Each structure stands twice: as structure tokens, then as C-alpha cells.
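Coordinate analysis (summary)
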Amino acid sequence: MNHPSRLPLAQLLLCGALVVTLSMGIRHGFGLWLQPIVTARGWSREDFALAMAVQNLVWGASGPFIGWWADRQGAFRVLVAGSLLYALGLLGMAQSAQSAWFMVSTGLTIGLAQACTTYAVVYGVLGRHIDAHQRSWAMGLTAAAGSFGQFLMVPVSSLLISHLGWQHALWTLAGAALLIIPIARGLHDEPHRQTTSITPEGQTAHSEPSTRSALMEALQHRDYLLLTAGYFVCGFQVAFIGVHLPSYLKDHQMAPEIATTALALIGLFNVFGTYASGVLGQRLRKPWILSAIYALRAVTIILFVTQPLSAWSVTLFAAVMGTLWLSTVPPTNAIVAQMLGIRNLSMLGGIVFFSHQIGSFLGVWLGGRLYDTTGSYDVVWWGAVALGIAAALLNLPIQEHRTPQRRAVAPIAKSA
């Protein structure tokens, strides 16, 4: 049997966390650029929001293919390509004077970069090198460490905008994105090849499915489809809040530093939420954890939009929502690994994430579209509540240990 050599656990966790810190940290502050760019270019909020929405959609749509590449060739090449694309996209974001070029750089290029440098690729490495009894914890720890980067990068981005101007701030972040290349050397794993064994009946048994059979198995797996549908809601909620919360607060005459603080607090409490989710995933049923997260998000949004807005209410909302922010990521990816194995984890996780990013596209775009149409974000807030309740119900019946279909076993000719 052919097993890839395992990378050290500490190296995996450190390098994985640093990659996610940079890739997710940079994008977490993009909402801070909405007002400066719209004002400088004379665009509508929908122009900015549509580019961000396309970014999320491209990230998700390319995820399964990039995941397939990482599953076959290892993560290193994928991460290097993503780092270069990230830097190029940020430079284009700074220089684009027309909305079409802004769409190409911010939407297409950065979207591809994020698919190459975020959870699907990093978690694929973790899944291949970490045993199942530690997998949920390791994914939670990596996401938590990466979440600290989101907390760190928001005030950094704000300071860069204040001291350098919004364009030079993007140039600086482009340089930071290139740091992913040296860090990626710590995730330089060997391609995970299909293994075979000979049964007592003289048949060849494939321990892991091919790409085609794995894809067909996943698309016929009821619980995988339910998980995928629920993840759509996660994307809708976090993308809408991440991009439009600063403008929502400004519309209500809140000081700009309150929005910066809110995004930073989301990143900070995300550290605790993702780690706790990963730890709980080793002890409790992961679908129940996901159902609780979506239900709590719905309750949190209801309280936020129905109570008087103040600095304290924003702080409390950011803290609670931050705890629930990416806490869906470790249990979701761990469930995919449990249900369908690790051979195609990056690809199958990428498909689930594509659903997340379709939700992200709609959350960001509808936020800008409906604001320009109605002058308010109210419809989108209440849509996020309804979707949260739906996702909570979708995740309840999922069986994370459901046995996949048996792989086909092909007979081989015996020697004469």
C-alpha cells in the first residue's frame, strides 16, 4: 500500500494557521474600502458590492477544481499560485479606474486567489496527515489561529488606509500576500495516490474512490446534500455582514471607528468560536453543533435589528456573531471527511464551499442592490434570519457517520 509520508503536527498547524491568517485576514477588512473607493471613483454601492459578490462566486466555483488539483499535486503549487494571484488582484483593485477592470481584479483574480489559499486547500493537507480522532480539533485550532489574523488585520487595514491612503494600503497588502509563498513550504506534502490491496478472492479492492466515483457518491449522498444546502446560509450571512456592516452603521450616524472595532471584534471572538467548535466536534454530534450555530445567528440578528442601535449593541452583536462566525467550518469539513473519506477531501469540501459562496454572492450583491433600490438593508437582515432558521432545520437530520456506498471491486486475472 502506498502512504504519503506525514508532515509534523506542529508544522502543519503553524503553517496552516499562518496561510489562513493572511488570506482570510486581508479579505476580512474589504468592507473598510467600500466608502473610500465608491467616493473616489464616483460609483454606486452596487458597483462595489457586485465585484465583491463575484469574488465570492469565483472563489466558490473554482474551489472544486482547485481542490482536485491540490488533492493530486499537493498543496504547495496551489498556494504559490494563489499568493501571486492575490498580490496581482490587490494591485489591480488599487489601480482600477473603471468598474469593469475593478470586477476583473477584485472579483475574478482575488476570487481565484482565495480559492487557492483558504480552507479547502489547507484542510485537505490537514485531513491527509492528521488522524480522524484529532481532525476536528486540528481544523478548529487552525481556523482559530487564522481568525486571530482577521482580528489583527482589520485595525492594520484601517491604520494603513488612514496613514497611507486607500490605494497605498492595498499595495502594502499585496506585499503581505506574497508572504504565503515561503510559509507554504511547510505544507509541501506529497500527492495522495490511490491505494490498492488484494482480497482473499483474488480481487483488487480500491481503498479510496476515483474522482468520478467519489463525485457520483457525494451527489447521491442525502446528508452531504443537506450539509451543502445549509452551508449556503453561512455564506449569505457572513458575506453580507462583513461587507455591508460598516456602511449600515455609518447610515445610522455611528462613528467610523465603531465599524472598525466591530469587524475586529468579530475576528477576535471568531478565535474562540472556531476553536470551541472544533473541540466540541470531538465530543458531540457535529450536525447538532451546526444546527445550534445557525439558530443562534438568527436570534442574534433579530435582537440586533429590533433594538435601538448604540455602540454597546454593536459591540455585543459583533462579539456574539464573531463567536458564531466561522465556527461552522471545522464541523462541516470534518463531516465531509467522515462521510466520504480523505482522498478527495479538498475537492468534495470545495463543492460544499461552492454552495457557501453562492450564498456569499447573493448576500453581498443583494445587500448593495436592495439598498440602492429601497434605501435600507432591512429586507436583507430579515432574509438572513429566515435562512438561519432553515439551515438549523436542514442540519438536524444529518448522520455524520452514515456509511457511504460500497466501492466497486474489480476482479483481476489470476496468474496461470
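Residues numbered from 1 in each chain as written. Predicted model: local features only at pLDDT ≥ 70, side-chain atom pairs only at ≥ 80, totals over all residues. Heavy atoms only, no water.

When helices and strands are counted, the protein shows 17 helices and three strands. Each of the 416 residues in the protein was classed as buried or not, and the buried ones make up 58%. Across the protein, the fraction of contacts at a sequence separation of at least 24, relative to all contacts at a separation of at least 6, is 86%. With the model as given, the accessible surface of the protein reaches about 16,400 Å², and the carbon-plus-sulfur share is 67%. (Helix = DSSP H or I, 4+ residues; strand = E, 2+ residues; numbered from the N terminus. Buried < 20%, exposed > 50% of the residue type's maximum accessible area, 1.4 Å probe, protein only. Contact = heavy atoms within 4.5 Å. Areas by Shrake-Rupley, 256 points an atom, 1.4 Å probe, with all protein chains shown as cover.)

Our focus in this paragraph is helix H11 (residues 222-251). Helical geometry note: an α-helix holds 3.6 residues per turn, so side chains three or four residues apart project in the same direction. Its 30 residues place the ends of H11 43 Å apart at the C-alpha level, agreeing with the 44 Å of an ideal helix rising 1.5 Å per residue. Taking burial as the measure, the 30 residues of H11 include 24 buried ones, the bulk of the element. Positive phi appears at glutamine 253, one or two residues downstream of H11, with a value of about 60°. (Expected span 1.5 Å × (residues − 1).)

What follows is about the side chain of glutamine 55. Mapped onto the fold, glutamine 55 is located in helix H3 (residues 45-73). Under the relative-accessibility criterion, glutamine 55 is labelled buried at 0%. A distance of 2.8 Å separates a polar atom in the side chain of glutamine 55 from the backbone oxygen of threonine 106. Apart from residues no more than four positions distant in its own chain, glutamine 55 is found in contact with Arg27, Phe30, Thr106, Gly107, Ile110, Gly111 and Gln114. (Polar contact = N/O pair within 3.5 Å; in protein donor to acceptor, adjacent residues only side chain to side chain.)

The grouping of Trp288, Ile389, Leu393 and Leu396 at the surface amounts to a nonpolar patch, some 430 Å² of accessible area in total. Mapped onto the elements, leucine 396 comes out in the loop between helix H17 (378-395) and strand S3 (410-411). Overall, leucine 396 belongs to the partly exposed group, its relative accessible area being 42%. (Patch = residues over 30% accessible without salt bridge, like charges linked within 9 Å, V, L, I, M, F, W, Y side chains within 5 Å. Salt bridge = Lys/Arg side-chain N within 4 Å of Asp/Glu carboxyl O.)

Ranked by internal contacts, the top residues of the largest apolar core, which has 126 residues, are Trp33, Leu90 and Met93. The element contributing the most residues to this core is H11, with 15 residues. If we ignore the near neighbours within four places in the chain, the residues touching tryptophan 33 are Phe48, Met93, Ser157, Ile161, Trp166, Ala169, Leu170 and Leu173. (Core = buried A, V, L, I, M, F, W, Y, C linked by side-chain atoms within 4.5 Å.)

Inspection of the entire model under this criterion finds three salt bridges. Here aspartate 251 makes a salt bridge to arginine 45, at a shortest N to O gap of 3.1 Å. Of the two residues, aspartate 251 is situated in helix H11 and arginine 45 in helix H3; the sequence distance between them amounts to 206 residues. The exposure class assigned to aspartate 251 is partly exposed, which follows from its relative accessible area of 25%. In this structure, aspartate 223 and arginine 222 form a salt bridge, with 2.6 Å as the shortest nitrogen-oxygen distance.

On to the confidence of the model for the protein. With 90% of its residues at a pLDDT of 70 or more, the protein has an overall mean of 83. A low-confidence stretch, residues 193-207 (pLDDT under 50), is modelled with 35 contacts involving residues beyond four sequence positions or located in other chains. Counting interchain partners and residues more than four positions distant, the pLDDT-below-50 stretch residues 404-416 has 22 contacts. (pLDDT = per-residue confidence, 0-100.)

Moving on, we get to unusual backbone geometry. Excluding glycine, residues mostly carry a negative phi; peptide bonds, for their part, are mostly trans. For glutamine 253, which is not glycine, the phi torsion reads 60° and is therefore positive. With respect to the helices and strands, the residue glutamine 253 is situated in the loop between H11 and helix H12 (256-280). Take glutamine 253: its relative accessible area is 69%, and that puts it in the exposed class.

Our next topic: the side chain of threonine 117. The topology assignment puts threonine 117 in helix H5 (residues 99-117). For threonine 117, a relative accessible area of 0% corresponds to the buried category. A distance of 2.8 Å separates the side chain of threonine 117 from the backbone oxygen of alanine 113, its partner in a polar contact.

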